[in-house]
Amino acid sequence: MSMQDQSLGQLARRIPGATKIFHDYDLDFCCGGSHTLRDAAHAKGLDAAAIEARLQALQAEAPAEGHDWSEVPAEELIGFILARFHERHREQLPELIRLARRVEEVHGERPECPVGLADHLSVMLQELLSHMQKEEQVLFPMLSRGMGAMASAPITVMRMEHDDHGAALQRLSDLTHDITLPRAACNTWRALYLGLRTFREDLMEHIHLENNVLFENAARPASPAH
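All values derive from a computational prediction rather than experimental measurement.

> Just to check I follow, could you spell out the overall build of the protein chain for this structure?
Scanning the protein chain from N- to C-terminus turns up 8 helices and 0 strands. Secondary structure elements of the protein chain occur, N-terminal to C-terminal, as α-α-α-α-α-α-α-α. Relative to the globule expectation of 17 Å for 226 residues, the C-alpha radius of gyration of the protein chain, 19 Å, shows essentially globular dimensions. Across its three principal directions, the C-alpha atoms of the protein chain cover 70 × 45 × 30 Å. At a minimum sequence separation of 6, the contacts of the protein chain that also span at least 24 residues come to 74%. Summing over all exposed atoms, the protein chain offers an accessible surface of approximately 11900 Å²; the carbon and sulfur share of this is 52%.

Dropping the structure here:
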């Protein structure tokens, strides 16, 4: 099967480094991971063949590099998600909110100022905190104990909330003109947008690992005991 006919989620799961390429083209591989590369590229007016060529080159250059999370136990992947993303988001958002409020207070008269960003980030923080708490207290313990077959209902809820997070990221992008710094931006504004880009990449990677790896693996039938 051509790479163009594979889903973004499949490609992100199978080719280490593919997510960086998808970020370059603003392709949603987390919430929109079920779309094929061909369809996703067409929707944005992109050349799917050019993207495929970059993915093929990446695969040829480093076929053994990166971490293939699809083959590790759920407990190990969950541990990584908790340390790399859950704790990180809890650190990132309060500081981003502080920076956003400062930028709005000082530069609110400028037309390119992201007015409303601090409030939007505050809502995102509350929604993420609630979401992560449900995962930590309910879903992750079930998956760690191999109860994936019984977790379809909470997984469905988490996927829906991931879609909401994706919509919130789009709103973040709209407020900041795709996180594009204006001319003569102050250091606080620069720090804010640098942090926003990192946060966006982290949250997309976080959702990808859960939607396309952890939850997909949980849905697989258990291997028969030997």
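> So what exactly am I meant to see when it comes to the packing of aromatic side chains here?
Each aromatic ring pair is specified by the distance between its two centres and by the angle formed by the two planes. Within the structure shown, the criterion is met by 4 aromatic pairs. A ring pair is formed by Phe 22 and Phe 29, whose centres lie 6.1 Å apart and whose planes are at 35°; its orientation type is tilted. A relative accessible area of 0% places Phe 22 in the buried class. Taking relative accessible area as the criterion, Phe 29 reaches 0% and is therefore assigned buried. When the centroid spacing of 5.9 Å and the interplanar angle of 85° are considered together, the rings of Phe 80 and Phe 85 count as edge-to-face. Put simply, the rings of Trp 69, Phe 80 and Phe 85 pair up and form one aromatic cluster.

> Can you walk me through the domain arrangement of the protein chain in this structure?
Quoted interface sizes are often the accessible area lost when the parts come together. For the protein chain, the assigned domains read domain 1 (3-61) and domain 2 (72-219). A straight line from the C-alpha centre of domain 1 to that of domain 2 covers 21 Å. Contacts between domain 1 and domain 2 engage 10 residues on the former and 12 residues on the latter. Note on domain 1 versus domain 2: buried area summed over both sides is about 940 Å², and carbon and sulfur give 64% of it. Linking domain 1 with domain 2 are 0 salt bridges.

> Honestly, the layout of surface pockets in this entry has me stumped. Any pointers?
It is the rolling of a water-molecule-sized probe over the atoms that shows where space remains empty. If you add up the space inside the second largest pocket, you get close to 420 Å³. Only helix 3 (37-43), helix 7 (152-175) and helix 8 (187-219) provide two or more residues apiece to the lining of the second largest pocket. Residues from two domains meet in the lining of the second largest pocket; each of domain 1 (3-61) and domain 2 (72-219) gives at least three.

> Please explain the pattern of salt bridges as it appears in this structure.
Side chains that carry opposite charge are capable of pairing whenever their charged atoms lie near each other. Inspection of every chain in the model, using the stated rule, returns 15 salt bridges. Notably, a salt bridge pairs Arg 84 with Asp 202, separated by 3.0 Å at the nearest N-O pair. Of this pair, Arg 84 sits in helix 5 (residues 74-107) while Asp 202 sits in helix 8; the two residues are 118 residues apart in sequence, bridging distant segments of the chain. You can call Arg 84 partly exposed: its relative accessible area is 28%. Salt-bridge contacts for Arg 90 lead to Glu 136; the nearest nitrogen and oxygen are separated by 3.0 Å. A residue pair is termed long-range when its members are at least 10 positions apart, and Arg 90 in helix 5 and Glu 136 in helix 6 (residues 117-144) qualify at 46 residues.

> Please explain the packing of helix 6 against helix 8 as it appears in this structure.
Each pair of packed helices can be described by the angle between their axes along with the distance between the axes. Put simply, helix 6 and helix 8 touch, their axes get as near as 14 Å, and they point 25° apart. Taken together, the axes of helix 6 and helix 8 lie roughly parallel to each other. Crossing geometry of helix 6 relative to helix 8 is assigned as left-handed. Note on element contacts: helix 8 touches helix 6 through Leu 192, Leu 196, Phe 199, Leu 203, His 206, Glu 210, Leu 214, Phe 215 and Ala 218, opposite Leu 117, Leu 121, Met 124, Leu 128, His 131, Glu 135, Leu 139, Phe 140 and Leu 143. Considered class by class, the residues forming the contact of helix 6 with helix 8 number 14 nonpolar, 2 polar and 2 charged.

> Looking at this model, I keep getting lost on the nonpolar core. Mind explaining?
The nonpolar side chains of a soluble globular protein tend to be buried with one another. With 45 residues, the main nonpolar core has Phe 22, Leu 55, Leu 121, Leu 192, Leu 196 and Phe 199 as its most contacted residues. Elements that contribute at least two residues to this core include exactly helix 1 (8-14), helix 2 (18-24), helix 3, helix 4 (48-61), helix 5, helix 6, helix 7 and helix 8. Examining the composition of this core, we find that 8 residues originate from one element, helix 8, more than from any other. Inspection of this core shows a minimum of three residues originating in each of domain 1 (3-61) and domain 2 (72-219). Beyond its immediate chain neighbours, meaning those up to four positions away, Leu 196 contacts Leu 96, Leu 117, Leu 121, Leu 172, Thr 176 and Ile 179. Residues Val 72, Leu 139, Ile 155 and Leu 214 belong to the second largest nonpolar core, which totals 18 residues.

Rules of the game
- Residues numbered from 1 in each chain as written.
- Predicted model: local features only at pLDDT ≥ 70, side-chain atom pairs only at ≥ 80, totals over all residues.
- Heavy atoms only, no water.
- Helix = DSSP H or I, 4+ residues; strand = E, 2+ residues; numbered from the N terminus.
- Rg over C-alpha atoms; globule rule 2.2 N^0.38 Å.
- Contact = heavy atoms within 4.5 Å.
- Areas by Shrake-Rupley, 256 points an atom, 1.4 Å probe, with all protein chains shown as cover.
- Phe/Tyr/Trp six-rings, centres within 6.5 Å; stacked < 30°, edge-to-face > 60°.
- Buried < 20%, exposed > 50% of the residue type's maximum accessible area, 1.4 Å probe, protein only.
- Domains from an automatic or database assignment.
- Buried area = accessible area lost by both parts, 1.4 Å probe.
- Salt bridge = Lys/Arg side-chain N within 4 Å of Asp/Glu carboxyl O.
- 1 Å grid on protein atoms, 1.4 Å probe; cavity = no way out; pocket = protein on both sides within 12 Å on 5 of 7 lines; lining within 4 Å.
- Points joined across faces, edges and corners; volume = space filled by probe spheres on them.
- Axes fitted to C-alpha atoms, helices over the stretch in contact; angles between N-to-C directions.
- Parallel < 35°, antiparallel > 145°, perpendicular 65-115°, else oblique.
- Left-handed = near helix turned anticlockwise from the far one by under 90°.
- Nonpolar A, V, L, I, M, F, W, Y, C, P; charged D, E, K, R; others polar.
- Core = buried A, V, L, I, M, F, W, Y, C linked by side-chain atoms within 4.5 Å.

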